[in-house]
Amino acid sequence: MRAYVGVGANLGDREATIRKAVELLGEDVVAVSRLRETEPWGYADQPPFLNGAILVETERTPRALLERLLAVERELGRTRDGPRYGPRTIDLDLLLYGDRVVDEPGLAVPHPRLHERAFALEPLLDLDPDVAVPGRGRVADLLAGLQSG
């Protein structure tokens, strides 16, 4: 299954941490988008983020892939004791899992706020200009809507 993972960091050596996350995800990684510096979203009093996306091909279920992402975050020093949307060493979000829609406790795919976050949509276009968000439409159209609004 082709899945897309959003990646971001705003503490420490952001690029090195993102590269290490890609390395830890290992052979499932097919491609990595260009990284871009973005302003914080949801909690303004923090350093800027470096954001991108990772395309993986996996046989893991959505839940198993999420567990793997959380394990990589923990290995790279991610804690969840600060404010919501606050600073973090690494953030790995399961954005898309093929064209599947998953709504389970602790797991929602596509990511519930993907369609309203340019910092997550733009890197997806680097990886696949035709990618779509189930139930929302093409990423290119979603992004155009955000930029015109």
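Look up a bit, the structure's there.
Just so we're clear, the structure is a prediction, and the values are computed from it rather than from any experiment.

Analysis parameters
Residues numbered from 1 in each chain as written. Predicted model: local features only at pLDDT ≥ 70, side-chain atom pairs only at ≥ 80, totals over all residues. Heavy atoms only, no water. Helix = DSSP H or I, 4+ residues; strand = E, 2+ residues; numbered from the N terminus. Buried < 20%, exposed > 50% of the residue type's maximum accessible area, 1.4 Å probe, protein only. Contact = heavy atoms within 4.5 Å. Salt bridge = Lys/Arg side-chain N within 4 Å of Asp/Glu carboxyl O.

Asks: Would you explain the environment of Leu 76 in this entry?
Replies: Inspection of the secondary structure assignment puts Leu 76 in the loop between helix H2 (62–75) and strand E5 (91–97). Owing to a relative accessible area of 18%, Leu 76 belongs among the buried residues under this scheme. The spatial distance from the C-alpha of Leu 76 to the C-alpha of Ile 18 is 9.4 Å, given a sequence separation of 58 residues. With near-sequence residues (within four places) excluded, Leu 76 lies in contact with Thr 17, Lys 20, Ala 21, Leu 24, Thr 89 and Ile 90.

Asks: Help me understand the pattern of salt bridges in this model?
Replies: Two side chains carrying opposite charge are able to pair once their charged atoms lie near each other. Enumeration over the complete set of coordinates arrives at twelve salt bridges. Between Glu 57 and Arg 2 there is a salt bridge; the shortest N-O distance is 3.3 Å. Of this pair, Glu 57 sits in strand E4 (residues 49–57) while Arg 2 sits in strand E1 (residues 2–9), and the two are 55 residues apart along the sequence. A residue is classified by how much of its surface remains accessible, and Glu 57, at 39% relative accessible area, is partly exposed. With a relative accessible area of 36%, Arg 2 lands in the partly exposed category. The salt bridge partner of Asp 91 is Arg 88, with a shortest N-O separation of 3.0 Å. A relative accessible area of 13% places Asp 91 in the buried class. Since its relative accessible area comes to 11%, Arg 88 is described here as buried.

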